[in-house]
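A closer look at the structure
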Amino acid sequence: MRSRPGRPECVEACGAVGNDGVARFRDYSEFIFSVFLSYSLLEPCSSFITMKTVARTETDLLTDLPNNIIENILGCLPLRDVVRTSILSREWRHKWASCPDIVFDFWFDQMFLGGHQLEPLVYQILKLHKGPLLKFVLQVPDLKSNPDIDEWVRLLPNNTLQELTLHVSRGEAHRLSSHLLSFQHLRNLRLYNCVLDPLLGFKGFSKLVNLELQRVVLVPESFTTFIASCPAVERLRLIHCTSFDCLELTSPKLKYFEFNGVFKSVSFKNCPVLKDIKLTFSSMEFKRGNFFSIDLVKSLSCLPALEDLQLQAYALEDLVEHEAPNRLPISLNTLKNLHLSDMYFEKIQESSCAICFIRSCPNLQRLNITAFTFDVVDAVADFLRSQTSSESLAHLKTVKMQLFSGIEAEMEFVKYLLASATALEEMAITPQTGSIADGGESILNELKQYPRASPSAEIFSPRASEILCSGNNNGSKHV
């Protein structure tokens, strides 16, 4: 590389590292970005002499960079600025066309489209693109279903594409063409407001790692086969998609599963490494029948690697039909972190079933409860007051109570946890905004009077930034 006086250290280092330059990319990316951006913002009326002078002194520095560095830099820029690098010099005229990422998103819409039409721009950029294309994102605002989308997909190289995002933000769901199924190198697939119905004989995406479907119309029977034909999937998100009578998952490498919608039952056929599950039900339809909750717990108990679970508390209400015993006949022995959201402390069914479920997680270490309470019901407080401490909470170390209003039922629930958790280290109480006048200080003062099984437990309010020591009951505070 030619040496020039005054060359920035970041660029000198960049030339020295060669193919290993990516490791130091972050050290000088801001400088390169500012250079690119300065050119992209040049007005057409700018002095040709000035532009040419700047190009002579700085553009060669950029041209000297290894191709892999240039590609990484281009990948960090908005598409508008990537295209505008063509004015830097003759050598840069077509470099943008080999950028491995093409992203039509909100920023492209705001910075580039203006009064221009999207369709001809997408066609032109895709047709001029050269070299391997790794990532394609179509996520501009107000995009409606139209035949152009399928034509754009056909222009994508199916032998290199690894990441594809199609976001139809308005109107009816877009029915995807069968050409989508030809991208056998896909590792990330995100679809929004589409219709996905793989044809018979589809062999699957063997390299797909991340699958996100939002408001996607699915055929439940076909989806079961589809997900089974993607054996490398590690992350699966199904958000507001088609309802399932039975959602069946066969995913040997699945580690994270998030679901927001409706299913009446779920079956994890072969998910030996599934560690993290988040379930949110958008309708009460799933509760038709008296065995939903117990069947759900049975399905979860079959997962040998399950450690993190987020679940709406009312999904457990059906356990009361089975008299909500001290603990269930089945246990979630591997579960370490549990988040019960939308906990109605005014409903005795939820309170009793929640305690039953917590007792059935003997190795639980972290518990997060998000309350959702409006009324005071004395029967709930009486029930919680009658509960004796449980040895099944011996490993519980951290408790977070969110949207805490301080009603008697909530206080009794906390009292039960304090009396049972022998290894408890901290309990965080976050008051519900507007429901507690003093920011929760009076609640903390009352909680510090409760007996605690753990001598090292501390109770604090993140909002109040104060900690009440539990080891001495003298009300001392630790900031």
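Preceding block: the structure.
Residues numbered from 1 in each chain as written. Predicted model: local features only at pLDDT ≥ 70, side-chain atom pairs only at ≥ 80, totals over all residues. Heavy atoms only, no water.

**Overview of the overall build of the chain**
Per the secondary structure count, the chain includes 14 helices and 21 strands. Across the 479 residues of the chain, 47% fall into the buried class. Counted over contacts in the chain with a minimum sequence separation of 6, partners at least 24 positions apart contribute 64%. If you sum the accessible surface of the chain, you get close to 22700 Å²; carbon and sulfur atoms cover 50% of it. (Helix = DSSP H or I, 4+ residues; strand = E, 2+ residues; numbered from the N terminus. Buried < 20%, exposed > 50% of the residue type's maximum accessible area, 1.4 Å probe, protein only. Contact = heavy atoms within 4.5 Å. Areas by Shrake-Rupley, 256 points an atom, 1.4 Å probe, with all protein chains shown as cover.)

**Observations regarding the pairing of strand β11 (residues 256–261)**
With six of six residues buried, β11 is to be regarded as a mostly interior element. Alternating residues of β11 divide into Tyr 256, Glu 258 and Asn 260 and Phe 257, Phe 259 and Gly 261, and every residue in both groups is buried. As paired elements, strand β9 (residues 235–239) and β11 share five bridges and run parallel to each other. Bridge assignment links Leu 236 to a residue of β11, and that residue is Phe 257. Pairing of β11 with strand β13 (residues 276–281) involves six bridges; the strand directions are parallel. By the bridge assignment, Tyr 256 is partnered in β13 with Asp 276. (Pairing = 2+ DSSP bridges.)

**Looking at the packing of aromatic side chains**
In total, this model carries 15 aromatic pairs according to the counting rule given. Seen in terms of ring centroids, Phe 257 and Phe 268 are 6.4 Å apart; in terms of plane orientation they differ by 80°. Their pairing is edge-to-face. Residue Phe 257 is located in strand β11, and its partner Phe 268 is located in strand β12 (residues 263–270); the two are separated by eleven residues in the primary sequence. Here Phe 257 matches Phe 268 in class, with each residue buried. Here the aromatic cluster, defined as three or more aromatic residues joined through ring pairs, consists of Phe 257, Phe 259, Phe 263, Phe 268, Phe 281 and Phe 292. One cation-aromatic arrangement involves Arg 235 over Tyr 256; the distance from NZ or CZ to the ring centre is 4.2 Å. Geometry around Tyr 344 places Lys 347 over its ring, the cationic atom sitting 5.9 Å from the centre. (Phe/Tyr/Trp six-rings, centres within 6.5 Å; stacked < 30°, edge-to-face > 60°. Lys NZ or Arg CZ within 6 Å of the ring centre and 35° of its normal.)

**Some points on the sheet that holds strand β6 (residues 194–196)**
Strand order in the open sheet formed by three strands is β4-β6-β8, with parallel pairing between adjacent strands. At either margin of the open sheet sits one strand with a lone partner, and together these are β4 (174–175) and β8 (217–218). Inspection of the sheet shows β4 paired to β6 by two bridges, in the parallel sense. The partner of His 174 across the bridge, within β6, is Cys 194.

**Considering unusual backbone geometry**
With a phi close to 60°, Asn 193 is a non-glycine residue in the positive phi region. Assignment of secondary structure puts Asn 193 in the loop between β5 (188–192) and β6. Judged by its relative accessible area of 11%, Asn 193 is buried. Even without being glycine, Asp 342 reaches a positive phi, approximately 50°. Inspection of the secondary structure puts Asp 342 in strand β15 (residues 337–343).

**Regarding the environment of Lys 130**
The topology assignment puts Lys 130 in the loop between α7 (118–128) and β2 (135–138). According to the relative accessible area criterion, Lys 130 is exposed, its value standing at 53%. Separated by 30 residues in sequence, Lys 130 and Pro 100 place their C-alpha atoms 9.0 Å apart.

**Regarding helix α13 (residues 408–420)**
Relative to the 18 Å expected for 13 residues at 1.5 Å per residue, α13 spans 18 Å between its end C-alpha atoms, a close match to the ideal helical length. The element α13 is extensively covered by neighbouring structure, given that ten of its 13 residues are classed as buried. Along α13, the residues that are buried comprise Ala 409, Glu 410, Met 411, Glu 412, Phe 413, Val 414, Tyr 416, Leu 417, Leu 418 and Ser 420. (Expected span 1.5 Å × (residues − 1).)

**Concerning the pattern of salt bridges**
Scanning all chains against the criterion turns up 14 salt bridges. Residues Arg 190 and Glu 163 are paired through a salt bridge, measuring 3.0 Å at the closest nitrogen-oxygen approach. Of the two residues, Arg 190 is situated in strand β5 and Glu 163 in strand β3 (residues 163–167); the sequence distance between them amounts to 27 residues. Judged by its relative accessible area of 25%, Arg 190 falls in the partly exposed class. With a closest N to O distance of 3.3 Å, Arg 237 and Glu 212 form a salt bridge. With Arg 237 in strand β9 and Glu 212 in strand β7 (residues 210–214), this residue pair connects regions lying 25 residues apart in the sequence. (Salt bridge = Lys/Arg side-chain N within 4 Å of Asp/Glu carboxyl O.)

**A few points about helix α9 (residues 220–228)**
Taken residue by residue, α9 has Phe 223, Phe 226 and Ile 227 as its buried positions. Summarising the axial view, the buried residues of α9 lie within an arc of 90°, below the 170-degree limit, and thus occupy one face. Away from its buried face, by an angle of more than 90 degrees, α9 presents the exposed residues Glu 221 and Thr 225. If you follow the buried residues of α9, they end up packed against β6, β7, β8, β9 and β10 (244–250). (Arc of directions from axis to C-beta.)

**Considerations on the packing of helix α12 (residues 378–385) against α13**
Two elements in contact, α12 and α13, have axes whose closest approach is 8 Å; the angle formed by their N-to-C orientations is 10°. By the angle class used here, α12 and α13 are roughly parallel. In this structure, α12 uses Val 380, Ala 381, Leu 384 and Arg 385 to contact α13, whose residues at the interface are Glu 408, Ala 409, Glu 412 and Phe 413. In terms of residue class, the contact of α12 with α13 is made up of five nonpolar, no polar and three charged. (Axes fitted to C-alpha atoms, helices over the stretch in contact; angles between N-to-C directions. Parallel < 35°, antiparallel > 145°, perpendicular 65-115°, else oblique. Nonpolar A, V, L, I, M, F, W, Y, C, P; charged D, E, K, R; others polar.)

**Points about the packing of α7 against helix α8 (residues 147–155)**
Contact pair α7 / α8: the axes reach a minimum separation of 10 Å and the direction vectors enclose 10°. Classed by the angle they form, the pair α7 and α8 counts as roughly parallel. Two secondary-structure elements touch here, α7 through Leu 118, Glu 119, Val 122, Tyr 123, Leu 126 and Lys 127 and α8 through Asp 148, Glu 151, Trp 152 and Leu 155. Looking at the contact of α7 with α8 residue by residue, the classes come out as six nonpolar, no polar and four charged.

**A closer look at the pairing of β9**
Pairing of β7 with β9, which is carried by five bridges, proceeds in the parallel orientation. Across the sheet, residue Asn 210 finds its bridge partner in β9, namely Arg 235.

Bear in mind that shape data such as this cannot, by itself, settle questions of function.
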